Amino acid sequence: MDKFVINGGKFLSGKVTIGGAKNASLALMPATILASGISRLSNTPDLRDVTTMRRLLETMGIEISSAEQTMTINTASINSFEAPYEHVKKMRASIYVLGPLVARFGKAKVSLPGGCAWGPRPVNLHVEGIRRLGAEIELEAGYIIAKAKRLHGARVLFDISSVGATGNVMMAAVLAKGTTLIENAAQEPEIVQLSEFLITMGAKIHGVGTGRLEIEGVDELHSADITTIPDRIEAGTFLIAGAIAGKRGGSIRLEKCNPHHIGALIIKLEDAGATVKTGTDWVELSPMEKIAPINATTAIYPGFPTDMQAQWIALMSLAGGTSIVTDTVYFDRFMHVPELVRLGANITVKENIATVVGVRSLAGAKVMSTDLRASASLVLAGLVAEGTTEVLRVYHIDRGYESMEKKLQALGADIRREQGEEF
Ligand code: UD1
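Everything numeric here is computed off the predicted structure, so don't read it as measured data. (Residues numbered from 1 in each chain as written. Predicted model: local features only at pLDDT ≥ 70, side-chain atom pairs only at ≥ 80, totals over all residues. Heavy atoms only, no water.)

1. Focus on the sheet that holds strand S10 (residues 155–157)
Step number 1: The four strands lie next to each other as S10-S11-S13-S12, forming an open sheet whose pairing is mixed. Sheet topology places S10 and strand S12 (204–206) at the edges, where each strand pairs with a single neighbour. The average angle at which neighbouring strand axes cross in this sheet is 15°, direction not considered.
Step number 2: In this structure, S10 lies alongside strand S11 (residues 179–183), joined through three bridges in parallel fashion. Note that in S11 the partner of Arg155 across the bridge is Leu181. (Pairing = 2+ DSSP bridges. Helix = DSSP H or I, 4+ residues; strand = E, 2+ residues; numbered from the N terminus. Axes fitted to C-alpha atoms, helices over the stretch in contact; angles between N-to-C directions.)

2. Quick notes on the site of the ligand
Step number 1: The full set close to the ligand counts 19 residues, and Asn124, Leu125, Ser162, Asp307 and Val329 are the nearest of them.
Step number 2: One of the backbone nitrogen or oxygen atoms of Leu125 is found 2.7 Å away from an oxygen atom of the ligand.
Step number 3: Within the side chain of Ser162, one N or O atom sits 2.6 Å away from an oxygen atom of the ligand.
Step number 4: Protein coverage of the free-state accessible area of the ligand, which is 740 Å², stands at 86%.
Step number 5: Broken down by element, the shell around the ligand gets its largest block of residues, three residues, from helix H5 (residues 124–132).
Step number 6: For the shell around the ligand, the residue count by class is eight nonpolar, seven polar and four charged.
Step number 7: Taken domain by domain, the shell around the ligand gets at least three of its residues from each of domain 1 (2–19 + 230–419) and domain 2 (22–227). (Near = heavy atom within 4 Å. Polar contact = N/O pair within 3.5 Å; in protein donor to acceptor, adjacent residues only side chain to side chain. Areas by Shrake-Rupley, 256 points an atom, 1.4 Å probe, with all protein chains shown as cover. Nonpolar A, V, L, I, M, F, W, Y, C, P; charged D, E, K, R; others polar. Domains from an automatic or database assignment.)

3. Digging into helix H12 (residues 372–384)
Step number 1: For H12, a buried count of 13 out of 13 residues is recorded, marking the element as mostly surrounded by other parts of the structure.
Step number 2: Residue Asp371 occupies the N-cap position of H12, its side-chain oxygen lying 3.2 Å from the main-chain nitrogen of Arg373. (Buried < 20%, exposed > 50% of the residue type's maximum accessible area, 1.4 Å probe, protein only.)

4. Considerations on unusual backbone geometry
Step number 1: Geometrically, the link from Tyr301 to Pro302 is a cis peptide bond, its omega value of 10° lying close to zero.
Step number 2: Even without glycine at this site, Lys256 takes up a positive phi of about 55°.
Step number 3: Examined against the element boundaries, Lys256 turns out to sit in the loop between strand S15 (249–255) and helix H9 (263–271).
Step number 4: Located in the positive-phi region is Ser403, a residue other than glycine, with phi close to 45°.
Step number 5: Inspection of the secondary structure assignment puts Ser403 in the loop between helix H13 (395–400) and helix H14 (404–410).

5. Here's the deal with the pattern of salt bridges
Step number 1: Inspection of the entire model under this criterion finds 18 salt bridges.
Step number 2: Between Arg55 and Glu58 there is a salt bridge, with its nearest N and O atoms 3.1 Å apart. Highlighted residues: Arg55 and Glu58, both in helix H2 (residues 48–59), separated by three residues, approximately one helical turn.
Step number 3: By relative accessible area, which is 27% here, Glu58 ends up partly exposed.
Step number 4: For the salt bridge of Arg212 with Glu183, the shortest nitrogen-to-oxygen distance reads 3.4 Å. Placement of the pair is Arg212 in strand S13 (residues 212–216) and Glu183 in strand S11, with a sequence separation of 29 residues.
Step number 5: It is possible to trace a salt-bridge network through shared partners that takes in Asp2, Asp398, Glu405 and Arg417. (Salt bridge = Lys/Arg side-chain N within 4 Å of Asp/Glu carboxyl O.)

6. Side note on the pairing of S13
Step number 1: Going residue by residue along S13, you find Leu213 and Ile215 tucked away on one face and Arg212, Glu214 and Glu216 left uncovered on the opposite face.
Step number 2: Sheet topology note: the S11/S13 ladder contains five bridges and is antiparallel. Bridge pairing links Thr180 to Ile215 in S13.
Step number 3: Sheet topology places S12 next to S13; three bridges connect them, and they run antiparallel. Bridge pairing in S13 links His206 to Glu214.
Step number 4: Following S12, the chain reverses through five residues before pairing antiparallel with S13; Gly207 in that reversal takes a positive phi of roughly 85°.

This is the structure we're talking about:
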């Protein structure tokens, strides 16, 4: 298992090009199941999660090739309607094949994902939503078995706004007979992009980007092409790399990103003392004299993303005072805290609230990656910790950051990938 070895305290500045959004790709790829033919997804990032989704689609007989960030998916040869446990356990987003399979083929067998390193992550909203569209769903030996002659339109109200369930039910509803109304739908940019892709495929969706989606089912969709939106979490993580460098940083410029998608983070960074300039597809952060302690509470889009909570805590651990960081989306998502404490941070967690008392400096140590965003926060802390930080198990980072160490090296960081210890 690879690890990152970081010698902290190097001057960081320069440009970073942001890649395609992982969470958009993970929805667009299974959406291609809804039509027979060849779809091209450009700006697809080269990430482990994308490879996992690719392997899953390939086990169903779908042919996929990739060149220069464009993934070509030919669904004409699909011959299996099953998502086996070995794939789903690696990545929960595998559940995205459920809606398209039932909608187009009237059958699907998808393994239940199980928990996550930081707690249970249910899929009840996916199952209940697709059930409301008329699918018969049974749970058998750890699998969701769904059947339907043809799905029909229905009113679906999500108790909780869920990105995955909105995407799954939307993909099921586009081929259902009649009109589906999804209330309290997720409004994340990745769901907007999925809607736009489905519309390009011939779907009829109204209310895109709002919490109320109205979908008129059609008999058939056709394959289509799309360019994946930039990854807002990768963008946010690199902005924090600039911010956390403080006086030891020059300006950091992100290119090929969408500043609107990281509006909440930019506001928080400004509150913390940053100067941030934006253009249509770029963001520039000037060096920060000092980091002010700023509270953050995660929320659904356009609120502060839960996927940036760990990185924000890393930044706040060096702020000039105490801040409170609350995660209202995932209550248990604080696996990074004990590891940041090993680097000298002063953080306590009670329920879903972290109290971060800023310290003057962090000190390098060996720390363990536990999940994707937790690992990113450890790398950020390692960039400024005195001495050497080893971040073990960086395969978590490779799930969602393309060549993170190379992009950081280009900014001046002393970070390298090495073969790590086995556990
Ligand atoms: C997606 C993102 C993930 C991000 C999360 C929240 C992908 C591939 N992943 O995950 O990076 O952290 O959105 O922005 O896009 N819930 C239920 N029942 C369900 C589904 C969800 O109770 O059936 C709850 C979850 O436990 C959580 C909340 O709903 O508390 C939001 O989760 P959701 O938006 O579904 O997250 P994902 O789609 O899994």
